[in-house]
Amino acid sequence: MGQVMWKAVERSLGPGFSRDKCEVKLVGTPLTHQRFLRRNRGTYGPAIEAGKDSFPGHPTPIPQLYCCGDSTFPGIGVPAVAASGAIVANSLVSVSQHSQLLDAVGI
Ligand SMILES: Cc1cc2nc3c(=O)[nH]c(=O)nc-3n(C[C@H](O)[C@H](O)[C@H](O)COP(=O)(O)OP(=O)(O)OC[C@H]3O[C@@H](n4cnc5c(N)ncnc54)[C@H](O)[C@@H]3O)c2cc1C
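All chains use their own residue numbering, which begins from 1 and follows the written sequence. Reporting of local features is limited, given that this is a predicted model, to residues whose pLDDT is at least 70; pairs of side-chain atoms are given and counted only at 80 or more, and all residues count toward the totals for whole chains, interfaces and linings. Only hydrogens and water are set aside; all other atoms, that is, all heavy atoms of the structure, feed into the side-chain values.

A. Helix H1 (residues 3–13), seen in detail. A simple rule labels every residue: compare its accessible area, found with a 1.4 Å probe on the protein chains alone, to the largest value its type can have, and call it buried under 20%, exposed over 50%, or partly exposed in between. Under the DSSP-based scheme used, a helix requires at least four consecutive residues in state H or I and a strand at least two consecutive residues in state E, with every element numbered from the N terminus. Counting buried residues along H1, only one of its 11 residues qualify, which leaves the element largely exposed. Following H1 by one or two positions, Gly-14 has its phi on the positive side, about 95°.

B. Region of the structure containing the pattern of salt bridges. Salt bridge, as used here: a side-chain nitrogen of Lys or Arg that lies within 4 Å of a carboxyl oxygen of Asp or Glu. Here the structure, examined in full by the defined rule, presents three salt bridges. Here Arg-19 makes a salt bridge to Glu-10, at a shortest N to O gap of 3.1 Å. Residue Glu-10 is classed as partly exposed on the basis of its relative accessible area of 22%. Here Asp-70 ties to Arg-39 by a salt bridge, and the two come within 2.6 Å at their closest N and O atoms. Remark: Arg-39 occurs in the loop between helix H2 (30–37) and helix H3 (78–92) and Asp-70 occurs in the loop between H2 and H3; sequence separation between them is 31 residues. Residue class for Asp-70 comes out buried when judged on its relative accessible area of 11%. A relative accessible area of 22% means that Arg-39 is categorised as partly exposed.

None of the figures reported here should be taken as evidence of function without further support.
Right, dumping it as structure tokens:
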């Protein structure tokens, strides 16, 4: 791990932490993401285009085809990814229709 990263880790964990005490060191890079997570070119998180400051939405140029996942709004993390799926579901079918469907199946 690079010197800059170790300095940041030591600063955030406080004076009791020393890199010499660290027994397991695992470094994640875009290559790691590509190899183990099969992410396109090691990407991670929102696919924000250069020159734009907004998160990508869910529609695609293909009608009725939507994207969800951490490259779309609201971004990284399992809860955010689940929310992106919920946003797409609510784009396709209204909340009241979801409620009716849940009532119909007894949930
Ligand atoms: C080390 C690490 C720790 C993390 N810890 C947390 C945590 O503690 N809490 C948390 O909330 N989030 C955590 N995250 C983030 C979270 O895991 C991700 O944001 C989330 O899993 C992304 O979900 P996703 O469905 O968008 O993508 P992914 O989970 O990456 O799923 C994409 C899937 O598509 C598949 N795929 C790729 N290309 C193709 C293709 N051409 N054809 C078919 N399939 C393909 C991949 O194999 C993969 O299974 C962590 C991430 C990492 C890397």
